[in-house]
Every structure is written in C-alpha cells, then in structure tokens.
Amino acid sequence: MFKGVLVSLFASSLFGYMYYFSTLLRPLSGTDIFGYRMIFTLPFVMLAVVIFKQKNALIAHFQRVKRNPLFALSYIFCGALMGFQMWLFLWAPNNGSSLSVSFGYLLLPIVMVAVGRLVFKERISTFKFIAVLVAAVGVISNIVIKGGLSWEAIVICVGYTSYFAIRKALKTTDLAAFCLEILSTMPISIYFAQQTDFTIVEQANPNIWILLPLLGLISGSALIAYVIASNLLPMNLLGLLGYVETVMMVIVSFLIGEELDAQSYPLFISLIIAMILVVIDGLYKQKMTGSS
C-alpha cells in the first residue's frame, strides 16, 4: 500500500510539474507542444502495454474493430476528446488561462460524480452529495457574478466527462484502448509538429531539442507510474491522490504570475470545500475497507 501511495504521488507530481514545464518550451505554441508531446509519449505508452501485459487486450480491440469496422470511430472520437484536453493542458500556462483550467480540474470530479449518479445510476454517498451541492452553489454564484464559467473550465468538465462516460459505456477503459486513442492522434500530431519553424524557435530557445524529449520522458514516466499505482492501490484511494496534481496546478498558476480576481472567490472556495468533502468521504471509505 505504502509503495502504491509513493508511486501515485510521483505520478501526480510529474503531471503537475508538466503544467509548469510547458512554459519552458516557449516560443512553441500550444499546438506545437501538443504535437511533440503526443509523438514523444507514444513510445512510452506502447512500452507500458508490453510491461503490463496488455498485448491480448490490444489484440481483442483489433478483433472487435474487425467484426465491426465502425467501432474504430470510437477510438478516433475518444482520441480527439483526450487529445484536445491534452492540448488545453499545455496551452493554458502560456496563454494566461492556467487558473481557469485549474478550476476545471477542481470541478471535474464533482461533475463526474453527478453524471455517474444521473446517467449510470451509481450510488452516491452523503458526503459526495453535499460536495455536488456545494460545487453547484459555487458555479451558480460564478454565473450570477461573472455571467458564467470560463470556456476552459466548461471544455474540461464536458470533454473529460464525455470521454470517461463513452469509454465506460463501450468497455474500453484499459491501457490497450488508450494506446489506440494515442495512435489515432498521430496524423494531426505529426501535422502540428511539421508546422514548427525551428529556425526561429532555436534562436529564442537554444535548449528546445533537449526539452522536447524531456517532455516525452516526463509524460511517459508519469503515465507508467500512474498505471503501476492503479495496480497497487484501491480505486478510491487512487482517485483521492489524484487531487495532488490539481493542487499543484493551482500552485503553478500562482507561481507563473496569474492572480485570482475577487469575483472568482466564491467559486474557488466552493470547489475547495467540495474537494475536501470528497477527500473526507474517500478516507472514510478507505478506513472502513481496511477495518473490515
């Protein structure tokens, strides 16, 4: 258990650091960074498929597509959803939207809890129900005060919730399916990468060819560490530890100079309270499981 916690914290730390790392890749644009991240991450994903013995699962996915070729569209669509989220994650810190994206990641687990209850009829604990209500109060206050949530936060909540819901409904939640999703993004990733004018980029950032492979190494190592942690820890505890990444994103947002405007205080405070309630609920369930 302790080893799993350490590995999970390592993965979350790498993902959180990647939020800051993208600022070191200037003057590359968000699309440039996205393209190279996906290209350099693919080998690590394929390595993870081998390490975690997902070869049979990968073959099963190919056989499923062979039986029903239209099913390939699900991997392409999920790849597009996931790819856009990864682009936004790398674009935000360089475009003054890191706090908006951080808010989206704070709100995402609450939205997923609500969708799980409404769409998949999953049972919801009292603490999580209260967390959803508190988050809803924050969202409503933000709509009243500022006229709505930022588009970045909406895209994260709608995009990722749709992504996970589709994968769950189609039973494509394994690492092998994720590998196919990454593979489906390669044409657009290679296209974005080819648009980069490295003559200009290298003049502004001489270390760019060192930093880009490092981006792939960080991204790939974080992914493999997360998969290892998922095999060592209960899902409930794994989900709770994932909040470490979100907290790091908020910290990075402040470190790179973004400020929280007074109008966003109600939403920020509501999301923090909701997060704490979800953590308390998870720790309580973990304790009950351990004592049973």
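Residues numbered from 1 in each chain as written. Predicted model: local features only at pLDDT ≥ 70, side-chain atom pairs only at ≥ 80, totals over all residues. Heavy atoms only, no water.

A. View of the UniProt feature "domain: EamA" (unreviewed entry) in the protein chain. The feature "domain: EamA" (unreviewed entry), as given by UniProt, occupies residues 3-140 in the numbering adopted here. Taken end to end, residues 3-140 is 80% helix and 0% strand, and its first and last C-alpha atoms sit 41 Å apart. (UniProt positions renumbered as here; feature names shortened; annotations may be inferred. Helix = DSSP H or I, 4+ residues; strand = E, 2+ residues; numbered from the N terminus.)

B. Quick peek at the state of the cysteines. Under the criterion given, the structure shown has 0 disulfides. Of the cysteine sulfurs around Cys 179, a residue in no disulfide, the closest is that of Cys 78, at 14 Å. (Disulfide = S-S within 2.5 Å.)

C. Examining the environment of Ser 253 more closely. Note on placement: Ser 253 falls in helix H13 (residues 243-255). A relative accessible area of 0% means that Ser 253 is categorised as buried. Spatially, the C-alpha atom of Ser 253 lies 31 Å from that of Asn 231, the residues being 22 residues apart in sequence. Residue contacts for Ser 253: discarding those within four places in its chain leaves Tyr 19, Ser 98, Leu 99, Ser 102 and Glu 258. Side chain to side chain, Ser 253 and Ser 98 meet in a polar contact 3.2 Å long. (Buried < 20%, exposed > 50% of the residue type's maximum accessible area, 1.4 Å probe, protein only. Contact = heavy atoms within 4.5 Å. Polar contact = N/O pair within 3.5 Å; in protein donor to acceptor, adjacent residues only side chain to side chain.)

D. Structural context of helix H7 (residues 151-170). The terminal C-alpha atoms of H7 lie 28 Å apart, and with 20 residues this matches the ideal 28 Å at 1.5 Å per residue to within 8%. Taken together, the buried positions of H7 are occupied by Glu 152, Ala 153, Ile 156, Cys 157, Gly 159, Tyr 160, Thr 161, Tyr 163, Ala 165 and Arg 167. In the segment just after H7, Lys 171 is the residue with positive phi, at about 60°. (Expected span 1.5 Å × (residues − 1).)

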